[in-house]
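Examination of the molecular architecture
Given next are the chains, with one letter for each unit.
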Amino acid sequence: MKAPRLLALFFIVSCFSVSASHAAEHHSGHGASSSGGGGGENACSKPQLTKFLPANLATVAPGSAFSFYAFNVEKPEQIKVTVKTIPVEVTTEDKESFIVVKGHLPAELVNTTARINIKVNAKVSRCNGEDGWLVKIAE
């Protein structure tokens, strides 16, 4: 009687330990390219885009300034910004651990909602990043 119970208990415990080790194997090394996650020279950290100004869904005037921070970006030239598919020229300031990106909304966009869309193109396509936010442009 005790053997079938012990066998069932052993089976349940082994299933949990196998799934836990499988999860740990696939989640190790996220976020740090030098953590030894087995990626070698192809390892990368996805770009992180934060501190969007003006805030999401803020109402702004045509031609207003915007800015954001870009982390895990090797070169400022990798950052491309569009607003409603209109390419926007940006300036960058390297702060060693991140890049401050600044630009202006296109002056021709009036009385509309527009997405400030950011794309970061890395050498390895799986390391690319994309983000953005919406603003309401009023007169």
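Predicted model, so just to flag it, every value in this text is computed and none were measured.

Reading guide: rules and limits
- Residues numbered from 1 in each chain as written.
- Predicted model: local features only at pLDDT ≥ 70, side-chain atom pairs only at ≥ 80, totals over all residues.
- Heavy atoms only, no water.
- Helix = DSSP H or I, 4+ residues; strand = E, 2+ residues; numbered from the N terminus.
- Buried < 20%, exposed > 50% of the residue type's maximum accessible area, 1.4 Å probe, protein only.
- Contact = heavy atoms within 4.5 Å.
- Areas by Shrake-Rupley, 256 points an atom, 1.4 Å probe, with all protein chains shown as cover.
- Salt bridge = Lys/Arg side-chain N within 4 Å of Asp/Glu carboxyl O.
- Pairing = 2+ DSSP bridges.
- Axes fitted to C-alpha atoms, helices over the stretch in contact; angles between N-to-C directions.
- Phe/Tyr/Trp six-rings, centres within 6.5 Å; stacked < 30°, edge-to-face > 60°.
- Disulfide = S-S within 2.5 Å.

**Regarding the overall build of the protein chain**
- Along its length, the protein chain carries one helix and nine strands.
- If you list the helices and strands of the protein chain from N to C, you get α-β-β-β-β-β-β-β-β-β.
- The buried share of the protein chain, reckoned over its 139 residues, is 26%.
- Counted over contacts in the protein chain with a minimum sequence separation of 6, partners at least 24 positions apart contribute 59%.
- Surface exposure of the protein chain reaches about 9,500 Å², of which carbon and sulfur atoms provide 57%.

**A closer look at the pattern of salt bridges**
- For the coordinates displayed, the defined rule picks out one salt bridge.
- Between E93 and K95 there is a salt bridge, with its nearest N and O atoms 2.8 Å apart.

**Focus: the sheet that holds strand 7 (residues 99-104)**
- Strand order in the open sheet made by the four strands is 1-3-7-6, with antiparallel pairing throughout. Where the open sheet ends on each side, the last strands, each with one partner, are strand 1 (48-53) and strand 6 (90-94). Recorded for the sheet is a direction-independent mean angle of 20 degrees between the axes of neighbouring strands.
- Pairing of strand 6 with strand 7, which is carried by five bridges, proceeds in the antiparallel orientation. Paired with E93 across the two strands is V100, which belongs to strand 7.

**Side note on the packing of aromatic side chains**
- Per the stated rule, a full pass over the model turns up six aromatic pairs.
- Considering the side-chain rings of Y69 and F98, the 4.7 Å spacing of their centres and the 25 degrees angle between planes classify their relative orientation as stacked. Linking Y69 in strand 3 (residues 65-71) with F98 in the loop between strand 6 and strand 7, this pair joins segments that are 29 residues apart in sequence.

**Re the sheet that holds strand 4 (residues 79-83)**
- Spatial strand order, 2-9-8-4-5: five strands in an open sheet with mixed pairing. Of all the strands in the sheet, just strand 2 (58-60) and strand 5 (86-88) have a single pairing partner and so form its edges. In this sheet, adjacent strand axes meet at a mean angle of 35 degrees when their direction is disregarded.
- Direction of pairing for strand 2 relative to strand 9 (residues 129-137): parallel, over a ladder of three bridges. Within the sheet, the bridge partner assigned to V60 lies in strand 9 and is I137.

**Concerning the state of the cysteines**
- In total, this model carries one disulfide according to the counting rule given.
- Disulfide pairing is shown between C44 and C127; the S-S distance is 1.9 Å. As the torsion about the S-S bond is roughly -100 degrees, the C44-C127 disulfide counts as left-handed. In this pair, C44 sits in the loop between helix 1 (2-27) and strand 1 while C127 sits in the loop between strand 8 (112-120) and strand 9, placing the two residues 83 residues apart along the sequence.

**Looking at the environment of T113**
- For T113, the position within the fold is in strand 8.
- Using a relative accessible area of 41% as the deciding quantity, one classes T113 as partly exposed.
- Residues T113 and L134 lie 21 residues apart in sequence; the distance between their C-alpha atoms is 6.8 Å.

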